[in-house]
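Analysis of the macromolecular model
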Amino acid sequence: MNLSDNITAFHHYSIKVIDFDKTLKFYEALGFKEVHSWSLPIFQLKKGMMIYSEKINTFIELFDKDADIPTQGRKRKENEEFVENSILHICFTVKNATLAREEALKNGAKDLSQGVFEIKLANHQKSINVRNSLVYSPNGEVIEFLENVNFQ
């Protein structure tokens, strides 16, 4: 069996969190709920948690900031705004990017896009118009709110 035949679905993103309670509260405002938590002393993991949004059938895995879990890149240095890694953002499809941004800001996010972007993604075959907004979660990961668009 080749790899593409073996993959059945996308399961989750995993992020380290600086402030567990604040980060969990933010994702709860996005519709996620805790489904399981654990610790793994072998990885210095004091708290791990899987959260799930039934509405969008998506998991996000949260690890405490001191966990020694394999990752791409390097640890963020104290007072460093962000570290660029291979995962650049988490994107959620929304009905209204303006309202999603406003609600995220009310729930502890920091503004990144300072409004809504309306962008034309064009190539020689077709042009797709997208409308999105971006915030930093209270933990610092970039969250994109993308209004429904068909890329196919």
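Described in the following lines is the structure provided in the data block. The structure presented is a predicted model; accordingly, all values stated were derived computationally and were not measured.

Turning to the pairing of strand 8 (residues 127-136), a few remarks are in order. Within strand 8, 7 of the 10 residues are buried, which leaves it mostly tucked inside the rest of the structure. Where strand 6 (residues 110-111) meets strand 8, 2 bridges bridge the pair, whose relative direction is antiparallel. If you follow D111 over to strand 8, its bridge partner there is V135. Of the pairings in the sheet, the one linking strand 7 (residues 117-122) to strand 8 comprises 6 bridges and is antiparallel in character.

Quick look at a nonpolar patch on the surface now. On the surface, a cluster of nonpolar side chains totalling about 330 Å² of accessible area is made up of F117, I119, L121 and F151. Relative to the helices and strands, L121 resides in strand 7. L121 gets classed as partly exposed once you look at its relative accessible area, which sits at 39%.

We now examine the pattern of salt bridges. Under the defined criterion, the tally for this structure stands at 6 salt bridges. A salt bridge links D66 to K65; its shortest N-O distance comes to 3.6 Å. Residue D66 is classed as partly exposed on the basis of its relative accessible area, which comes to 39%. What makes K65 partly exposed here is its relative accessible area of 45%. A salt bridge links E103 to K106, with the shortest nitrogen-to-oxygen separation between them at 3.2 Å. Taken together, the residues E103 and K106, both in helix 3 (residues 97-106) and 3 residues apart, mark about one turn of the helix. A relative accessible area of 41% means that E103 is categorised as partly exposed. K106 gets classed as exposed once you look at its relative accessible area, which sits at 65%. Here the residues in one salt-bridge network are K46, K65 and D66, joined through shared partners.

With mixed pairing, 4 strands are arranged side by side in an open sheet as 1-4-3-2. Of all the strands in the sheet, the pair left with one neighbour each is strand 1 (12-17) and strand 2 (33-40). Neighbour to neighbour, the strand axes of the sheet diverge by 20° on average, direction disregarded. In the sheet, strand 2 pairs with strand 3 (residues 45-53) via 6 bridges, with the strands oriented antiparallel. Each residue of the ladder has a partner; that of H36, found in strand 3, is M50. The strands touched by helix 2 (residues 20-29) within the sheet are strand 1, strand 3 and strand 4 (58-64), with strand 4 carrying the most contacts at an inclination of about 170°.

Conventions and cut-offs
- Residues numbered from 1 in each chain as written.
- Predicted model: local features only at pLDDT ≥ 70, side-chain atom pairs only at ≥ 80, totals over all residues.
- Heavy atoms only, no water.
- Buried < 20%, exposed > 50% of the residue type's maximum accessible area, 1.4 Å probe, protein only.
- Helix = DSSP H or I, 4+ residues; strand = E, 2+ residues; numbered from the N terminus.
- Pairing = 2+ DSSP bridges.
- Patch = residues over 30% accessible without salt bridge, like charges linked within 9 Å, V, L, I, M, F, W, Y side chains within 5 Å.
- Areas by Shrake-Rupley, 256 points an atom, 1.4 Å probe, with all protein chains shown as cover.
- Salt bridge = Lys/Arg side-chain N within 4 Å of Asp/Glu carboxyl O.
- Axes fitted to C-alpha atoms, helices over the stretch in contact; angles between N-to-C directions.
- Contact = heavy atoms within 4.5 Å.

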